[in-house]
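Given next are the chains, with one letter for each unit.
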Amino acid sequence: MRLQSLAIWASLVSVAAIGDARGHHSFAMFDTEHPIELTGTVKEFRFVNPHSILILQVKGANGEVTEWVLEGGAPAMLVRAGMTAKSLKVGDEIIITVNPLHSGAPGGSYQPDRAKFKDGTPVAVPRD
Amino acid sequence: MAVQPCCVGSISRAPSKHGDESMPLRTIVGACALAACVIAAPVAAAPLDESKYPPFAGQWFRIGPLQVFDAAKPKGRGQEAPLTPEYQAIYEANLADQATGGFGDDPVYRCIPEGMPRAMTLVLPMEIVVTGNTTYLLMEYLSMIRRIYTDGRDFPTDQEPSWMGYSIGKWIDEDGHGRYDVLEVETRNLKNPRTFEPSGIPMHRDAQTVIKERLYLDKTNPDKLYDEITTYDHALTRPWTVVRAMRRGHNPMWIESICAEGNVHVKIGNETYMLNGDNLLMPVKKGQQPPDLSLFKQAK
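These numbers were taken from a predicted model, which means no experiment stands behind them.

Q: Would you take a moment to explain the overall build of chain B for this structure?
A: A count of helical and extended segments in chain B gives two helices and 14 strands. For chain B, long-range pairs separated by at least 24 residues make up 57% of all intrachain contacts whose partners lie at least 6 apart in sequence. For chain B, the exposed surface amounts to about 14,500 Å²; the carbon and sulfur share of it is 55%.

Structure below.
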């Protein structure tokens, strides 16, 4: 697994703060106790039910690109959290904290409030 | 078909399927002839005299955390579900499976609706529509719909079970002020699989669950709605009562929630997997084996 470029945020991210994307089902497959930060390029953003899917291309230290599949809130949750189908487009470079799959496969879950563009601008802009 | 109010229902004790005084079951028995009480669908909405009903209509959001049935208690074992030893063991197995990345017995990841009573935990908001003979609870999440019949009918004997069950309601003027303030609801005829919440607190495999609810507005805040939910189920040692609270949405916005659209979780055999961006299977557990392909003829 090429995770060399990933900064482990376990000490920085509170487990209790993670959870709003859940609801459709148990998110037990994702390791909420060891969140990681990914920096990558958006390949695809599926604004679909029951959960949105963000496919992120992450370049490792050796230059190899790994495609991460990230499951997030349903459109109904994301819209209320300030994210729409147009919030991310192909080619956007983002930094995002995710809860990785226990299996070690390149998948995880994400929260809209833990995603930002490379310039620091938050991806989600909550509605009033 | 237009429906005339059948008759004024009375509450009487019905033979308990649970055979236990600690789990009393009541049913609404019409005072008129049974034939007149059996109402055929479809049911037309009866005009509503709004002065007689509480302002339930509108959008309602969950108050409290996700992933719990009792909003006043922590999730998982912290819910202190009064399970029988047999069903506590089933629950422990669910927790053990989830500890390794599985779903346990939670069926919702496969887009099976939450069903009752879990649906009332409101992952997403709900709209209440009150008519003179039926109150509708329209849940945004998974597009679940509850119809609560308030026309005096009795429970049918020939209906197929469903995840939301068959609900009969009765409006009560508890304060005696000439306006209804409580909607009492009894729900039966439920279908499995269901769990109370996502960690897999189980319901009995016999699906003989009976749910009684009392819906009412806060006495001082009409923008707050309560649902007292009491569940009678053979997986429980006693009826389990929780109170769920909801807040009114003042700028309703509704978003479609069709689960089958893009679900990436699949069950093959007894294992669950996740699809990647190319719809190929990914393991979700450490060391998880691929599915059994013995029915495929492999090229040599």
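Q: Can you walk me through the confidence of the model for chain B in this structure?
A: Regions with low pLDDT should not have their predicted coordinates read in detail. Residues and elements named next belong to chain B. In this model, chain B carries an average pLDDT of 87, and 84% of its residues clear a pLDDT of 70 or more. Predicted confidence for residues 1–41 stays below pLDDT 50, and this span has 87 contacts to residues more than four positions away or in other chains. Interface confidence in the predicted complex, given as ipTM, is 0.74; pTM for the same model is 0.81.

Q: Explanation requested: the sheet that holds strand β13 (residues 271–275) of chain B in the structure shown.
A: Strand pairs in the sheet, formed through backbone hydrogen bonds, run parallel or antiparallel to each other. Residue and element names in this part refer to chain B. Taken in spatial order, the three strands of this open sheet run β12-β13-β14, and their pairing is antiparallel. Of all strands in the sheet, those bounded by a partner on one side alone are β12 (265–268) and β14 (281–282). Judged from the two bridges that link them, β13 and β14 form a sheet pairing that is antiparallel. Residue pairing for β14: Leu275 is matched across the bridge by Leu281.

Q: I tried to follow the state of the cysteines on my own but got confused; where do I start?
A: Each disulfide consists of one covalent bond between the sulfur atoms belonging to two cysteines. Residues and elements named next belong to chain B. Under the criterion given, the structure shown has one disulfide over all chains. The disulfide partner of Cys111 is Cys259, and the gap between their sulfur atoms is 2.1 Å. Note on the Cys111 and Cys259 pair: the S-S dihedral is about -75°, so by sign convention the disulfide is left-handed. Here Cys111, found in the loop between α2 (85–99) and β4 (126–130), pairs with Cys259, found in the loop between β11 (240–249) and β12; they are 148 residues apart in sequence, far enough to count as distant. Judged by relative accessible area, Cys111 falls into the partly exposed class, the value being 22%.

Q: Please clarify how the pattern of salt bridges should be interpreted in this entry.
A: In a structure, side chains of opposite charge can pair up when their charged atoms sit close to one another. Residue and element names in this part refer to chain B. Taken as a whole and judged by the stated rule, the model has 21 salt bridges over all chains. The partner of Glu184 in a salt bridge is Arg214, with the nearest N and O atoms 3.5 Å apart. Here Arg214 lies in strand β9 (residues 210–217) and Glu184 lies in strand β8 (residues 182–188), a separation of 30 residues in the sequence. Judged by its relative accessible area of 27%, Glu184 is partly exposed. In this structure Arg214 comes out as partly exposed when scored by relative accessible area, which is 22%. Three or more residues are tied together by salt bridges with common partners; here these are Glu174, Glu184, Arg214 and Glu228.

Q: Please explain the interface of chain A and chain B as it appears in this structure.
A: By a widespread convention, an interface's size corresponds to the accessible area lost as its parts come together. At the interface, 36 residues of chain A touch 44 residues of chain B. For the chain A and chain B pair, buried surface summed over both sides reaches about 2,800 Å², with 61% attributable to carbon and sulfur atoms. Where chain A touches chain B, the interface holds one salt bridge. Measuring nitrogen to oxygen at the nearest pair gives 2.7 Å for the salt bridge that ties Arg80 of chain A to Glu140 of chain B.

Q: Would you mind showing me how to read the nonpolar core here?
A: In a soluble, globular protein the nonpolar side chains are often hidden away together inside. Core analysis: the largest hydrophobic core is formed by 49 residues, its most contacted members being Phe56, Leu83, Met126, Ile128, Met139, Leu225 and Trp240 of chain B. Aside from chain neighbours lying at most four places away, what touches Leu83 of chain B is Gln88, Tyr91, Ile201, Pro202, Ala235, Leu236 and Thr237 of chain B. Leu56, Trp68, Phe117 and Val123 of chain A belong to the second-largest nonpolar core, a separate cluster that totals 20 residues.

Q: Honestly, the pairing of strand β4 (residues 65–71) of chain A in this entry has me stumped. Any pointers?
A: The two faces of a sheet get side chains in turn, since along a regular strand they alternate between them. Residue and element names in this part refer to chain A. Summarising burial for β4: five of the seven residues are buried, a large majority. Bridging between strand β3 (residues 53–59) and β4 involves seven bridges; their strand directions are antiparallel. Bridging from a neighbouring strand, Ile53 pairs with Glu71 of β4. Connecting β3 to the antiparallel partner β4 that follows it, the hairpin turn spans five residues, and Gly63 within it adopts a positive phi of roughly 90°. By the bridge criterion, three bridges tie β4 to strand β6 (residues 107–117) in an arrangement that is parallel. From the neighbouring strand, Leu70 faces β6, where its bridge partner is Gly108.

Q: Looking at this structure, I do not really get the side chain of Thr195 of chain B. What am I missing?
A: Residue and element names in this part refer to chain B. With respect to the element layout, Thr195 can be found in the loop between β8 and β9. Polar side-chain contacts of Thr195 include one of 2.8 Å to the side chain of Arg118. Separated by 3.0 Å, the side chain of Thr195 and the backbone oxygen of Glu197 make a polar contact.

About the criteria used
Residues numbered from 1 in each chain as written. Chains lettered and ligands numbered in written order. Predicted model: local features only at pLDDT ≥ 70, side-chain atom pairs only at ≥ 80, totals over all residues. Heavy atoms only, no water. Helix = DSSP H or I, 4+ residues; strand = E, 2+ residues; numbered from the N terminus. Contact = heavy atoms within 4.5 Å. Areas by Shrake-Rupley, 256 points an atom, 1.4 Å probe, with all protein chains shown as cover. pLDDT = per-residue confidence, 0-100. Pairing = 2+ DSSP bridges. Disulfide = S-S within 2.5 Å. Buried < 20%, exposed > 50% of the residue type's maximum accessible area, 1.4 Å probe, protein only. Salt bridge = Lys/Arg side-chain N within 4 Å of Asp/Glu carboxyl O. Buried area = accessible area lost by both parts, 1.4 Å probe. Core = buried A, V, L, I, M, F, W, Y, C linked by side-chain atoms within 4.5 Å. Polar contact = N/O pair within 3.5 Å; in protein donor to acceptor, adjacent residues only side chain to side chain.

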